[in-house]
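As a plain string of letters, each chain reads:
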Amino acid sequence: MPLLAKQLRPPSPLRPIFTKRLLPQLQHLHLAPPFLLDDYTPRYTLLSSTSTSRKRSQAYAHLRNCNLCPRLCGVNRYERTGVCLIGAEMAKVNTIAPHFGEEPCIQGHGGSGSVFFSGCNLRCVFCQNHDIAHQRNGFDVTPEELAEWYVKLQDVGGVHNINLVTPEHVVPQVVLSILAAKELGLKVPIVYNTSAFDSLESLELLDGLVDIYLPDFKVWKAATSKSLLKADNYASVAMESIKKMHEQVGDLCFTADGIAKKGVLLRHLVMPGKEDEGGEIMRWLGENVSKDLFVNIMEQYHPDAHIGKPSRSARVSSSSEPSEGASVMEPEGEPSSTSSARYSKINRPVTDQEVSSVRRAAEEAGLWRFVDPPQHEGFNI
Ligand code: SF4
């Protein structure tokens, strides 16, 4: 039976019903002012020629004395590599493709144009992309080749954005690639998808080029980050860098199609037995960044990389089994374990209670913009 014309009519536009009296009740609308943009022009397209030249020369200078991430290696990457093991002239990339595994407001219906960089400046023992991040599987590309890929993703792939995944250790190459892509006609927003283990110098170099920051905030305690990420200063670095990202682009904003165009979307992967640290992170975000911060509390942790593998002592005393991840360099050693399985405490998925505990802490901290499954059958924003 044909639908009545009345049923087919689109809902009335939201704007006319916004009065001061109604605003408090509408706080639960993500796609409402002040988070709704009429239109959006990516920041890099607005850079002056002077700023473009300055960014280019700063990028080269950083490569000659690399303190671009908190590892502070101070190496000339044209001659040798630092902890990230990636040189100066090329970045290493594993996959370039439209990607549909991101948040609905990032991937939309056309996908997010993802570039998965190989290598990483962290050594997370539970890394969910171990072969790419630690074993550096991939192929070399110049910044100019990267720029061509971005434009191909935009023009042929029809993606909503260019999503730079794990780019912290190749920021100069990324900067040069965005500047080159601008000349080739790139027009979609740039997403910087990071562990938040970034230096302030690096974020300054990216200012004006990135539209959406997608940082993780992984763990809170120094002892945890030392053991699980091999970086005891992770939380203090993440705090500074997330504040700086928010200063640059603010809270997450959308155009009327529900696609995010600018701002910060923060991710926290709930870890087994670490829900208290998740709660601390949510409290800190609510108090120090913004109560309007868009947050994705993720529950998909699964044991990977080194988790649950036989401990070193067990391996030595058993057969001549080759050592797992032989090409992986760990800046600091693993703490001794009495179990025969490595990192046995996080060798399980998270429970519903752990996820709910972090969510409750977030709500108590005043955060309210979450990536939730849709409450309707339509598009999730
Ligand atoms: S980006 Fe690489 S070389 Fe530069 S400081 Fe970080 S780990 Fe060291």
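Residues numbered from 1 in each chain as written. Predicted model: local features only at pLDDT ≥ 70, side-chain atom pairs only at ≥ 80, totals over all residues.

- An unreviewed UniProt entry annotates the chain as Radical SAM core domain-containing protein of Lepraria finkii.
- If you open the UniProt record of the chain and go to Cofactor (unreviewed entry), you find "[4Fe-4S] cluster".
- Per its UniProt entry, the chain bears the Sequence similarities (unreviewed entry) comment "Belongs to the organic radical-activating enzymes family." (UniProt positions renumbered as here; feature names shortened; annotations may be inferred.)

## A look at the pairing of strand S7 (residues 212-215)
- Side chains of S7 alternate between two faces, with Ile212 and Leu214 and Tyr213 and Pro215 buried alike.
- Where strand S6 (residues 190-194) meets S7, four bridges bridge the pair, whose relative direction is parallel. What sits directly across from Thr194, in S7, is Pro215.
- Chirality of the crossover, the property in question, places the unit of S6, helix H7 (residues 200-206) and S7 among those that are right-handed.
- As judged from the two bridges shared by S7 and strand S9 (residues 260-269), these two strands associate in the parallel manner. The residue of S9 that forms the bridge with Ile212 is Gly263. (Buried ≥ 20, exposed ≤ 12 C-beta atoms within 10 Å, placed from the backbone. Helix = DSSP H or I, 4+ residues; strand = E, 2+ residues; numbered from the N terminus. Pairing = 2+ DSSP bridges. Right-handed = clockwise from strand over helix to strand, strands pointing away.)

## Here we look at the site of the ligand
- Contacts to the ligand come from 14 residues, most closely from Cys66, Cys69, Cys73, Gly82 and Cys84.
- Class assignment of the residues belonging to the shell around the ligand gives a composition of eight nonpolar, four polar and two charged. (Near = placed C-beta within 6 Å. Nonpolar A, V, L, I, M, F, W, Y, C, P; charged D, E, K, R; others polar.)

## Thoughts on the nonpolar core
- Val115, Val175, Ile190 and Leu266 are the most contacted members of the largest nonpolar core, which totals 102 residues.
- If you tally residues by element for this core, the top one is helix H6 (residues 171-184), at eight residues.
- Look past the residues within four positions of Leu266 in its chain and what remains in contact with it is Pro215, Phe217, Ile242, Leu285, Leu293, Phe294 and Val295. (Core = buried A, V, L, I, M, F, W, Y, C linked by C-beta atoms within 7 Å. Contact = placed C-beta atoms within 7 Å.)

## A closer look at H6
- Counted at 1.5 Å a residue, the expected span for H6 with its 14 residues is 20 Å, and the 20 Å between its end C-alpha atoms agrees.
- Of all 14 residues that make up H6, 12 are buried, and the element is covered over most of its length.
- Among the residues of H6, Val171, Pro172, Gln173, Val174, Val175, Leu176, Ser177, Ile178, Leu179, Ala180, Ala181 and Lys182 are the ones counted as buried.
- For H6, the secondary structure elements touched by its buried residues are helix H2 (49-64), strand S2 (91-99), helix H5 (143-155), strand S5 (162-165), S6 and H7.
- Looking one or two residues beyond H6, the residue adopting positive phi is Gly185, at roughly 100°. (Expected span 1.5 Å × (residues − 1).)

## As for unusual backbone geometry
- Even without glycine at this site, Lys230 takes up a positive phi of about 60°.
- Secondary-structure assignment places Lys230 in the loop between helix H8 (222-228) and helix H9 (234-249).
- Judged by local crowding, Lys230 falls into the buried class, with 20 C-beta atoms found within 10 Å.
- Here Tyr343, not a glycine, exhibits a phi torsion of approximately 50°, which is positive.

## Things to note about the pairing of S5
- A two-sided burial pattern is seen for S5, the buried positions comprising Ile162 and Leu164 on one face and Asn163 and Val165 on the other.
- Where strand S3 (residues 112-117) and S5 come together, four bridges link them in parallel fashion. Paired with Phe116 across the strands is Val165, a residue of S5.
- When S5 meets S6, the two strands line up parallel, connected through four bridges. Across the sheet, residue Leu164 finds its bridge partner in S6, namely Tyr192.
- Traced from S5 through H6 to S6, the parallel crossover comes out right-handed.

## Notes on the environment of Ser202
- Along the chain, Ser202 falls in helix H7.
- Sequence spacing of Ser202 and Asn67 is 135 residues, and the spatial spacing of their C-alpha atoms is 8.6 Å.
- Excluding residues within four positions of it along the chain, Ser202 makes contact with Leu68, Cys69 and Val171.

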